[in-house]
Amino acid sequence: AQKITQTQPGMFVQEKEAVTLDCTYDTSDPSYGLFWYKQPSSGEMIFLIYQGSYDQQNATEGRYSLNFQKARKSANLVISASQLGDSAMYFCAMSSMDSSYKLIFGSGTRLLVRP
Amino acid sequence: DAMVIQNPRYQVTQFGKPVTLSCSQTLNHNVMYWYQQKSSQAPKLLFHYYDKDFNNEADTPDNFQSRRPNTSFCFLDIRSPGLGDAAMYLCATSRVGLAEETQYFGPGTRLLVL
C-alpha cells in the first residue's frame, strides 16, 4: 500500500534560517513522483517542487530543494533563508501507478517563521 | 496566466439545501479532480474525471455528485448537505494523470452549512 508519513506536526524556524521538513514514503512501485505543496491560511494548495523516482539529482526550485534519499525512502523539503510568508501548512504527496496515479498526501507539517 | 478558478470562494448553505460548487481551468488539462479537506487534515479525493470518464472513490458518499459538461468546467453538487460536509473543497487538474505530472489546484471553496 502507498503511504506518506510526515512526523512533524509543527515546526518553528527563525526568519532567514534554513529549515528541513521531513517526509518518508512507502511504495513497491519502481516509478513514482514525489511532490511538496504549500497551503497558507487562505486555503490554496500551491505546488512547490517535484522529484521523480528516476531523477539522479535532487530537485531545486529557488529557495526550495528536495533532499531525495531513495534507499531510505525519504524526500525531505529544505527551505533556505526562511521568510515570514513561508508560514503555512506543508504537504508531502506521492503518485504512482500503484495508487492509480492519485495523489497520496501526508498529514502535513505546520511551519511558523518567527521574526 | 493559465489557471484553475473556483467559484464561489465562500459558500453558505442551509442543512439539506442543495449546493453547487464550480471549477474552471484554462490549462486545457484532461483530468479534473475534486477534493474535500476538513480542518487540519490532508485533502481527501472525492472523484475525478479523465476527459468525460467519471471515477468515483469507493468511500465518497452518494450525496456528492459531479458533472463535467466540457473540458474547461467541472461542478460538484452536494444534494443534501449535512453539518459534516462543512469543509474546504479543492479542485485540481493535471494533463493526463501520470505519476510524474503535477496537479494544479484552484483557490478552493469554503463551505459552511448552517
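Residues numbered from 1 in each chain as written. Chains lettered and ligands numbered in written order. Predicted model: local features only at pLDDT ≥ 70, side-chain atom pairs only at ≥ 80, totals over all residues. Heavy atoms only, no water.

Student: I'd love a proper account of the overall build of chain A, names of residues and values included.
Tutor: Each helix and strand in chain A was counted, giving 0 helices and 12 strands. Overall, chain A shows an N-to-C arrangement of helices and strands of β-β-β-β-β-β-β-β-β-β-β-β. Taken over C-alpha atoms, the radius of gyration comes to 14 Å for chain A, in line with the 13 Å a tight globule of 115 residues would show. Here the C-alpha coordinates of chain A stretch approximately 40 × 30 × 20 Å along the principal axes. Within chain A, buried positions represent 48% of all 115 residues. Within chain A, the 10 negative side-chain charges are centred at a point lying 5 Å from the centre of the 10 positive side-chain charges. (Helix = DSSP H or I, 4+ residues; strand = E, 2+ residues; numbered from the N terminus. Rg over C-alpha atoms; globule rule 2.2 N^0.38 Å. Buried < 20%, exposed > 50% of the residue type's maximum accessible area, 1.4 Å probe, protein only. Lys, Arg positive; Asp, Glu negative; His and termini not counted. Charge placed at Lys NZ, Arg CZ, Asp CG, Glu CD.)

Student: Before we move on, could you go through the pattern of salt bridges and cite the residues and values that matter?
Tutor: All names here are of chain B. As enumerated under the stated definition, the model contains 6 salt bridges over all chains in all. Across the salt bridge formed by K44 and D59, the nearest N and O atoms sit 3.4 Å from each other. Here K44, found in strand β5 (residues 44-50), pairs with D59, found in the loop between β6 (53-56) and β7 (64-67); they are 15 residues apart in sequence, far enough to count as distant. Across the pair R67 and D77 runs a salt bridge, and its minimum N-O distance is 2.7 Å. One end of the pair, R67, is in strand β7; the other, D77, is in strand β8 (residues 73-78), and 10 residues separate them in sequence. (Salt bridge = Lys/Arg side-chain N within 4 Å of Asp/Glu carboxyl O.)

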